[in-house]
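Okay, here's what each chain looks like letter by letter:
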Amino acid sequence: MAYCGHCGKYVKDGTEICPECGCPVTSQNSQEAKAETQGLSDKQKKIIAFAVVILAGLFAAFWFFVESYDPTSGYEEQQKSIQEEIERLRPLTDDISKSSEELKKYADELLAEAGSMDY
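Colleague: What should I look at first to understand the overall build of the protein chain in this one?
Modeller: Of the regular secondary structure elements, the protein chain holds three helices and two strands. Shown N-terminal to C-terminal, the secondary structure of the protein chain runs as helices and strands in the order β-β-α-α-α. Taken across its 119 residues, the protein chain has 7% of its residues classed as buried. Of the contacts formed within the protein chain by residues at least 6 apart in sequence, a portion of 21% connects residues at least 24 apart. Of the roughly 10,700 Å² that the protein chain leaves accessible, carbon and sulfur atoms contribute 59%.

See below:
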């Protein structure tokens, strides 16, 4: 029982040319022929190892990002900043409220005065 050294297909004993690929049949035993056709070259192994390392690194980076992400980070600082701004503006709002009350009183006085006038 022989196998083609090029394509690995079974060929009958004594066959000189492979009926599948047309290459000359060498005298290799079946295990060597299968190992040649099924094994990966060193370059392919290096490429696969490199791809595995890159994918592992990407996975680790993604996992780190997911674990370290906190959607509420900065929320407390932001709320504190807003409260400080409100306190800073409170005197202005108090002055505006006071002024609007004075204007309302003045408008009421003017309306009362205008209502008592004879035309």
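Colleague: Mind showing me how you'd approach the pattern of salt bridges here?
Modeller: Here the idea is simple: oppositely charged side chains can pair when their charged atoms come close. Tallied over the full model, the rule gives three salt bridges. Residue D108 is joined to K104 by a salt bridge in which the shortest nitrogen-to-oxygen separation is 3.9 Å. Highlighted residues: D108 and K104, both in helix 3 (residues 75-115), separated by four residues, approximately one helical turn. Classification of D108 as partly exposed rests on a relative accessible area of 41%. What makes K104 exposed here is its relative accessible area of 56%.

Colleague: For this particular structure, what's the right way to read the packing of aromatic side chains?
Modeller: Any two aromatic rings considered together are summarised by their centre-to-centre distance and by the angle between their planes. Summed over the entire model, instances satisfying the criterion amount to two aromatic pairs. Ring geometry for F59 against W63: centres 6.4 Å apart, planes inclined by 25°, an arrangement best described as stacked. Of this pair, F59 and W63 both sit in helix 2 (residues 42-68), four residues apart, which is roughly one turn of the helix.

Colleague: Sorry if this is basic, but what is going on with the nonpolar core here?
Modeller: Where a protein is soluble and globular, its nonpolar side chains tend to be buried together. A2, C4, V11, C18 and V25 form the largest nonpolar core, which has five residues in total. Not counting chain neighbours up to four residues away, the residues in contact with A2 comprise K9, Y10, V11 and D13.

Colleague: Looking at this structure, how should I read a nonpolar patch on the surface?
Modeller: A cluster of nonpolar side chains, F50, I54, L55 and L58, forms an exposed patch at the surface whose accessible area comes to about 440 Å². The residue L58 is located in helix 2 in this model. In this structure L58 comes out as exposed when scored by relative accessible area, which is 55%.

Colleague: Even after reading the chapter, I still don't get the state of the cysteines, so can you show me in this structure?
Modeller: Should the sulfur atoms of two cysteines be covalently bonded, the bond is a disulfide. In this structure the tally under the stated criterion is zero disulfides. Not part of a disulfide, C23 finds its nearest cysteine sulfur in C21, a span of 3.7 Å. According to the relative accessible area criterion, C23 is partly exposed, its value standing at 21%.

Colleague: Honestly, helix 3 in this entry has me stumped. Any pointers?
Modeller: Each turn of an α-helix holds 3.6 residues, which means side chains three or four residues apart point in the same direction. In a regular helix each residue adds 1.5 Å, so 41 residues correspond to 60 Å; helix 3 covers 56 Å between its end C-alpha atoms and thus fits that length. Of all the bends in helix 3, the greatest, near 40°, is centred on L89, and the proline P91 appears no more than four residues after it.

Analysis parameters
- Residues numbered from 1 in each chain as written.
- Predicted model: local features only at pLDDT ≥ 70, side-chain atom pairs only at ≥ 80, totals over all residues.
- Heavy atoms only, no water.
- Helix = DSSP H or I, 4+ residues; strand = E, 2+ residues; numbered from the N terminus.
- Buried < 20%, exposed > 50% of the residue type's maximum accessible area, 1.4 Å probe, protein only.
- Contact = heavy atoms within 4.5 Å.
- Areas by Shrake-Rupley, 256 points an atom, 1.4 Å probe, with all protein chains shown as cover.
- Salt bridge = Lys/Arg side-chain N within 4 Å of Asp/Glu carboxyl O.
- Phe/Tyr/Trp six-rings, centres within 6.5 Å; stacked < 30°, edge-to-face > 60°.
- Core = buried A, V, L, I, M, F, W, Y, C linked by side-chain atoms within 4.5 Å.
- Patch = residues over 30% accessible without salt bridge, like charges linked within 9 Å, V, L, I, M, F, W, Y side chains within 5 Å.
- Disulfide = S-S within 2.5 Å.
- Expected span 1.5 Å × (residues − 1).
- Bend = angle between axes of the 7 residues up to and from the residue.

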